[in-house]
Amino acid sequence: MGDSSKAYRDTLNLPATTFPMKADLARQEPALLARWDAEGLYRRIREARHGRPPFILHDGPPYANGHIHIGHALNKILKDIIVKYRTMADRDAPYIPGWDCHGLPIEHQVLKDLGPKKQGMSTLEIRRLCREYAARFVDIQRDEFKRLGVLGDWDHPYLTMTPAYEAAIVREFGKIVATGAVYKGKKPVLWCPFDETALAEAEVEYADHTSPSIYVKFPVKNPNGKFRVDDRRGTSVVIWTTTPWTLVANQAVALNPFEMYRLVKTPSGDMILAQKLADSCMKIFGFEPGSYEITPGAWAGQELEGVVCGHPWLERDAPIILGDHVTLDQGTGCVHTAPGHGQEDYEVGLKYGLAVSAPVDQQGRFTHEADVFSGQRVFDANTPIITLLKERGRLLAESTIGHSYPHCWRCKKPVIFRATEQWFISMETTDLRRKAIEEIDKVAWIPKWGRERIYGMMANRPDWCISRQRVWGVPIAAFTCMNPTCRTPLFSRAIADHVADQMEREGGSDIWFSKSAEDLLPAGTVCARCGQGAFRQEQDILDVWFESGVSHAAVLKPRPELAWPADLYLEGSDQHRGWFHSALLTSLLTDGRAPYRSVLTHGFVVDGESKKMSKSAGNVVSPQEVIKQHGAEILRLWVAAEDYRDDVRISPTIMAQLVEAYRKIRNTCRFLAANLGDFEPRRDAVGLDALHDIDRWALHRLHGLIERVDRAYADYEFHAVFHALNNFCAVDLSAIYLDILKDRLYTEGRASAARRAAQTVLNRVLTALVRLMAPILSFTAEELWGYLPEASRTHPSVHLAPFPVAEPGWALTDVHIAQWERLFRVRAEASRALEGARAGKVIGSSLEAQVTLYAGDDLRGFLTAHTDRLAELFIVSGVDLAAFDRHPPGSETSADLAVTVARAGGTKCARCWTYRTDVGSRHAELCARCAAVVGP
């Protein structure tokens with residue numbers, strides 16, 4: 001204010017609040033967390049919602065090894081937003097966090113830390129160290145998750161390594177055994193030769209890999225009357241492979257039964273290969289056109305079935321067989337078949353009774369069966385095998401190929417397919433595949449493409465290999481008869497239940513490694529086949545995906561505050577082949593339906609340029625650093641602001657933008673609170689009839705905001721919540737309503753009806769805003785809650801308060817909405833003219849302006865009906881109306897409106913700063929309105 005106005009400052013109702021403009025989140029948030037803990041906030045929420053309709057979000061267990069990363073933060077905050085919203089929406093929504101505690105990564109790290117000390121250590125000693133390692137990181141991650149503002153039953157989480165959970169795993173295994181779906185067999189599985197264990201599909205990542213690419217001749221030994229063999233130069237079936245090492249285990253050559261094959265005469269002998277690929281292959285082999293002859297006549301693949309080839313170097317037959325898996329996308333149309341090293345090879349081999357040979361040990365080295373290659377690592381053996389093929393005259397072409405190849409998710413090294421004795425759950429015996437595909441369509445997938453993703457995986461997945469060759473996990477509750485002539489496996493639901501009961505009573509699965517088979521089995525157990533009673537317990541453990549997959553039975557069913565099935569599972573998109581997948585299969589086998597009604601999937605976190613995060617690229621963003629710099633609140637805002645359905649970007653630039661958005665929301669709320677210091681709702685609130693028109697408009701916009709935000713939360717559209725809140729604060733409030741309202745708030749009498757009307761709306765807006773933002777901006781909402789008028793703080797915490805409900809009486813009619821839209825279009829034109837006048841130094845403050853609106857007849861008639869509110873809307877000292885055809889040249893114009901700005905006439909009021917002709921009429925320096933407020 002100018003000097004002449006200083007004397008009147010104390011007569012103004014200026015904003016006043018101790019709610020800080022600077023959030024200082026990194027320091028304030030821990031204090032709020034401590035208060036929530038001390039007050040038992042989560043327990044009080046549960047008590048308050050007891051008996052309400054349940055909403056169960058089942059937490060997928062993160063792995064207990066290491067500090068949380070930014071993907072963990074995204075996941076846990078999304079869950080927290082949902083649970084808090086459902087709670088405020090009057091649902092009983094408990095949140096029970098969990099941890100996956102078993103498995104290779106922990107065992108691998110413990111053994112790595114032990115170094116040479118691991119030699120001679122017992123299984124039980126290693127398991128004890130693994131348990132301690134997992135427990136340590138459960139505690140670390142628990143604190144880090146709580147720091148994000150996530151409310152839950154942190155004192156009673158579920159851990160897959162507790163005796164009760166381990167017993168539940170074994171019982172679920174027993175239930176599945178009872179269905180007949182479990183079997184032990186030798187078949188190829190994904191195998192990590194570095195971690196020495198079988199892997200699940202979910203434990204494999206595909207990455208670029210360079211492999212040899214070779215074309216090999218399989219000499220024909222018996223053409224079975226189909227053609228003549230060239231006795232001088234030989235006749236061969238030509239195969240192409242990128243895994244030369246698997247030739248050691250070759251048992252056959254597969255052709256497509258319906259594709260056509262031709263015999264080609266070449267300088268290197270006669271060759272049989274697919275007709276469509278003949279010319280392209282000859283070019284690869286280095287044969288110029290004219291140097292080879294594609295002979296007349298052709299055979300369908302099925303006509304060549306039974307032709308016998310010889311192995312390229314071993315004394316072994318390789319018959320021609322047929323397989324629908326053979327394609328002509330690349331290669332020769334003739335596929336080298338090793339049933340011990342490939343799923344499709346295994347399946348076609350079963351039809352033909354081929355040997356499942358896999359002369360490779362658990363470290364990926366050839367066994368003595370591989371003869372001259374014995375002891376060599378399979379990938380290292382590629383080169384000497386190629387050399388041998390050259391020496392034998394079997395190699396036609398050699399190069400390398402870059403392609404996508406499976407790698408172990410943990411050690412990041414290439415895996416192999418290796419046939420071993422493993423435990424499986426059949427996808428066919430109980431019709432599990434068909435049931436799973438049908439059940440997928442009964443689940444709501446969010447986003448909808450999640451259905452296509454899991455459907456495709458389920459339609460093509462092999463039998464589930466559930467055994468692992470490690471020690472840190474829950475053992476497979478099975479035994480083997482010790483009679484050397486019998487060796488029959490012994491497993492049943494009754495045995496599994498018997499073992500599970502012991503585990504639950506006696507401290508968990510360690511008893512499997514400390515007790516004898518005789519102690520573990522029911523008394524008097526004998527082999528059903530040979531009648532003997534000596535057994536050895538199985539040494540393999542269960543796949544950790546089985547362990548976490550049965551959490552629906554181990555957690556949802558026994559805990560009284562939960563319910564089965566869950567309303568929602570929520571994890572990253574990789575879990576379509578992981579937790580969502582294993583949970584669906586186990587639940588279908590034991591309960592006949594999915595364990596979830598809905599599945600929500602989020603993308604991965606990438607950098608600002610949508611590149612994958614990696615330490616080597618230096619683009620990793622840690623949640624700990626973000627919290628240290630900005631506070632967890634900004635992380636929470638980031639989660640809400642980004643569209644989680646795609647990969648989620650994060651960068652310093654993005655965080656800076658969110659800090660600015662947060663600042664605007666916070667300062668808008670601060671302004672609201674600062675103008676409510678003297679407002680007591682029970683005493684001062686007025687009814688709808690006492691509100692000004694602009695107040696009714698503000699309540700209408702609040703009504704729309706509440707409906708929009710409520711719908712967005714319910715539909716899991718959190719970015720829509722952020723944009724709605726941000727737009728309401730920046731536009732509806734700051735740029736329009738609050739800007740217009742300042743004069744009334746500051747200059748009207750403190751207890752005047754006009755000011756109380758404005759405060760009534762501000763109180764309703766702030767009370768609603770705080771609750772609307774609470775699921776996302778949990779710390780700020782709680783802080784603001786303490787600054788509401790006491791009567792508006794209906795609960796001790798905002799998180800105990802109900803979600804706001806839009807009152808029907810707030811909504812304007814369509815006619816009134818159309819009027820306001822028209823008025824704001826005119827206001828926008830006036831604002832543009834005012835900015836021009838300000839830039840031209842015609843005016844300084846908008847209150848120095850007198851605006852003239854030159855309007856067409858229809859618009860002028862409309863504006864005439866609203867003359868008394870125009871100056872307030874434009875925040876100017878006066879507004880005149882004139883006919884459109886009278887507008888001066890050069891004035892701001894639209895189709896039916898022109899606007900001019902001049903300096904206002906009259907005298908400036910020293911208190912409200914408006915220019916009025918009545919200044920001095922009742923007081924030397926004040927307008928009549930201010931004089932009435934100030935008094936004599």
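Our subject is the structure listed above.
Residues numbered from 1 in each chain as written. Predicted model: local features only at pLDDT ≥ 70, side-chain atom pairs only at ≥ 80, totals over all residues. Heavy atoms only, no water.

## Regarding the overall build of the protein
A tally of helices and strands in the protein yields 29 helices and 34 strands. For 936 residues, the compact-globule estimate of 2.2 N^0.38 gives 30 Å, and the C-alpha radius of gyration of the protein, at 38 Å, exceeds that figure by more than 25%. Across its three principal directions, the C-alpha atoms of the protein cover 125 × 80 × 50 Å. Within the protein, the proportion of its 936 residues that are buried is 57%. Once local pairs closer than 6 in sequence are excluded, the contacts in the protein between residues at least 24 apart make up 77%. With the model as given, the accessible surface of the protein reaches about 38700 Å², and the carbon-plus-sulfur share is 50%. Between the averaged position of the 112 positive side-chain charges in the protein and that of its 117 negative side-chain charges there is a distance of 2 Å. (Helix = DSSP H or I, 4+ residues; strand = E, 2+ residues; numbered from the N terminus. Rg over C-alpha atoms; globule rule 2.2 N^0.38 Å. Buried < 20%, exposed > 50% of the residue type's maximum accessible area, 1.4 Å probe, protein only. Contact = heavy atoms within 4.5 Å. Areas by Shrake-Rupley, 256 points an atom, 1.4 Å probe, with all protein chains shown as cover. Lys, Arg positive; Asp, Glu negative; His and termini not counted. Charge placed at Lys NZ, Arg CZ, Asp CG, Glu CD.)

## Thoughts on helix α27 (residues 857–864)
Where α27 is concerned, the buried positions are L859, F862 and L863. End-on view of α27: buried residues confined to an arc of 95°, all on one side of the axis. Where the residues of α27 are buried, they touch α26 (814–839), β29 (849–855), α28 (867–874), β30 (878–883) and β32 (897–903). (Arc of directions from axis to C-beta.)

## Digging into the pattern of salt bridges
Think of it this way: side chains of opposite charge can pair up when their charged atoms draw near. This model, assessed by the stated rule, comprises 67 salt bridges. R645 is paired through a salt bridge with D643; the nearest N and O atoms lie 2.8 Å apart. The partly exposed category is assigned to D643, whose relative accessible area is 25%. Notably, a salt bridge pairs E660 with R663, separated by 2.5 Å at the nearest N-O pair. Linking E660 with R663, this pair stays in helix α20 (residues 652–674), spanning 3 residues, or about one helical turn. For R663, a relative accessible area of 38% gives the class partly exposed. It is possible to trace a salt-bridge network through shared partners that takes in D678, R683, D684, R750, R755 and R756. (Salt bridge = Lys/Arg side-chain N within 4 Å of Asp/Glu carboxyl O.)

## Considerations on the side chain of H336
Tracing the chain through its elements places H336 in strand β15 (residues 334–337). Since its relative accessible area comes to 7%, H336 is described here as buried. A polar contact is formed between the side chain of H336 and the side chain of T246, at a distance of 2.8 Å. (Polar contact = N/O pair within 3.5 Å; in protein donor to acceptor, adjacent residues only side chain to side chain.)

## What to know about the sheet that holds strand β23 (residues 535–537)
In space, the 3 strands of this open sheet follow the order β22-β21-β23, with antiparallel pairing throughout. Two strands in the sheet have a free side with no partner beyond their single neighbour: β22 (489–490) and β23. Bridge count between strand β21 (residues 479–481) and β22: 2 bridges; the pairing is antiparallel. The residue bridging T480 from the neighbouring strand is P489, located in β22. (Pairing = 2+ DSSP bridges.)

## Details of the sheet that holds strand β25 (residues 566–572)
Sheet architecture is open: 4 strands sit in the order β1-β25-β26-β18, paired in parallel fashion. The open sheet has two free edges, formed respectively by β1 (57–58) and β18 (444–446), since each of these has just one partner strand. Examined bridge by bridge, β18 and strand β26 (residues 596–602) share 3 bridges and lie parallel to one another. Of the residues in β26, the one forming a bridge with I446 is L600. Sitting on the sheet, helix α17 (residues 579–591) touches β1, β25 and β26, and the angle it makes with β25 is about 145°. (Axes fitted to C-alpha atoms, helices over the stretch in contact; angles between N-to-C directions.)

## Some words on the side chain of E166
Relative to the helices and strands, E166 resides in helix α6 (residues 163–178). Among buried charged residues, E166 stands out as having no salt bridge; its nearest opposite-charge side chain is R127, 4.5 Å away. Apart from residues no more than four positions distant in its own chain, E166 is found in contact with H102, R127, T160, M161, V474, M503, G508 and S509.

## Points about the environment of V308
By the secondary structure assignment, V308 is in strand β13 (residues 308–310). A sequence separation of 597 residues divides V308 from G905, and the C-alpha atoms of the two residues are 109 Å apart. Those residues in contact with V308 that sit more than four places away from it in its chain are P219, V220, K221, N222, D317, A318 and P319.

## Some details on the state of the cysteines
Tallied over the entire structure, the rule returns 0 disulfides. C334 carries a free sulfur, and the closest cysteine sulfur to it, the one in C309, is 8.6 Å from it. (Disulfide = S-S within 2.5 Å.)

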